[in-house]
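Inside the fold
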Amino acid sequence: MFGAWPFASRLTPHAPRLPIRDRIGDWIFPPKGPEAGSVVLGQRRVYILPTGAGLMFAVTLVLLLIGSINYNLSLGYVLTFLLAGIGVVSLLHTWRNLARVALWPAKTRPVFAGELARFHIVVENPGGHRRLSLAIQLAGQSEVYFDVAPRDAQDVEAAMPAKIRGVLRPGRFRIFTVYPVGLFYAWSNVELDVHCLVYARPEPGHVPLPPAQAASGQGGASGAGEEDFSGLRTYQPGDSPRRIAWKAFARSDVFLTKQFSGSAASELWLNLADIPETLGLEARLSRLTRWVIEADTAGQRFGLRLPGIEFEPALHASHRDQCLQAIALYKPARE
């Protein structure tokens, strides 16, 4: 059984690992779903088996012992048992390097679909000796190596692709070590209660925002007020003919609208219903996400409307994040 185990160390990060290792770990410690709070790697949660180099080391010891017996070599016995003792000490140190380590989840920042979700896992070393060459590996991803000082904690960042919007969970991951000499591989499977919110992928390029509306919701935004003239802006469909600057039009043949200060502010509503259904749900949500980003970048107050969900117009970071989260988690009623 052990002949299939590859040598895994920091010096050989691309060595293949066979699924049998995961099957053995799942059989000994079957999956039970995410574990809330911190997880301590006790004696029953740390598994250890020889690596490929460890198997070759064992075969070498057997050959040395056979040769020493056949030829009655005293120095051969000394060398054989000395190396065997080193192997036993290596076994102890490899297991000790991982045992009693504590892990708990840290806050993970939201990302957009198509980016890397960067999960933060805090690894605590409660002991008085330094934990060297530990590694965390998410499913199907590359290992992340780190050290932890005595009675200290290390924030480890492990990334995986966020392909679709919604909530992404890393699932069961592995923490392992082959320290100090790579003869043994100690590991533990852990599933923390950690997740990453994945926003919908924004539509590429610049997408013009829908026209703003007056606070009453009727017609286009006609300016900032009725009391004092504050300037001219490009004419928008729905502007009152009384506000068109006819003198400026006579000079330049360009329709401009007068703006005044002192009246109710205009409101920008981002509504999923305003986007053609022929684009498909995901494309419509992508455009809605782009609108949220564009409006926030332009410093314009905006509201969001989804079927059954409405956020009043506002302009601050938490409002933007709430809108992006609502779009990311949106599911049609028929689902």
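Now for a quick tour of the structure. (Residues numbered from 1 in each chain as written. Predicted model: local features only at pLDDT ≥ 70, side-chain atom pairs only at ≥ 80, totals over all residues. Heavy atoms only, no water.)

1. Observations regarding helix 5 (residues 281-297)
This is how the line gets drawn: Secondary structure counts use DSSP, requiring at least four H or I residues in a row for a helix and at least two E residues in a row for a strand, with both numbered from the N terminus. In this scheme, a helix's expected span is set at 1.5 Å multiplied by one less than its residue total. Burial status follows relative accessibility: with a 1.4 Å probe on protein chains alone, a residue under 20% of its type maximum counts as buried, one over 50% as exposed, and anything between as partly exposed. Whether two residues are in contact is decided by their heavy atoms, any of which lying within 4.5 Å being enough.
The terminal C-alpha atoms of helix 5 lie 24 Å apart, and with 17 residues this matches the ideal 24 Å at 1.5 Å per residue to within 8%. Taken together, the buried positions of helix 5 are occupied by Arg284, Leu285, Ser286, Leu288, Thr289, Arg290, Trp291, Val292, Glu294 and Ala295. Contacts from the buried residues of helix 5 go to strand 4 (111-112), strand 15 (268-271), strand 16 (302-306) and helix 6 (317-328). Backbone geometry just after helix 5 places Gly299 at a positive phi near 70 degrees.

2. Let's talk about unusual backbone geometry
Omega for the peptide link from Tyr179 to Pro180 comes to 10 degrees, which places this bond in the cis form. Within the element layout of this structure, Pro180 appears in the loop between strand 10 (173-177) and strand 11 (184-190). Positive phi is not limited to glycine here, since Arg100 has a value of about 70 degrees. Following the sequence through the fold, Arg100 ends up in the loop between helix 3 (74-98) and strand 3 (102-105). You can call Arg100 partly exposed: its relative accessible area is 46%.

3. Description of the sheet that holds strand 5 (residues 116-125)
Quick reminder of the rule: Pairs of strands are assigned from DSSP output, requiring at least two bridges between the strands.
The strand order across the open sheet built from four strands is 1-3-5-8, with neighbouring strands paired in antiparallel fashion. Looking at strand neighbours, the two that pair on one side only are strand 1 (39-40) and strand 8 (152-161), the edges of this open sheet. Two strands pair when backbone bridges link them, and strand 1 and strand 3 are joined in this way by two bridges, in the antiparallel orientation. From the neighbouring strand, Val39 faces strand 3, where its bridge partner is Leu103.

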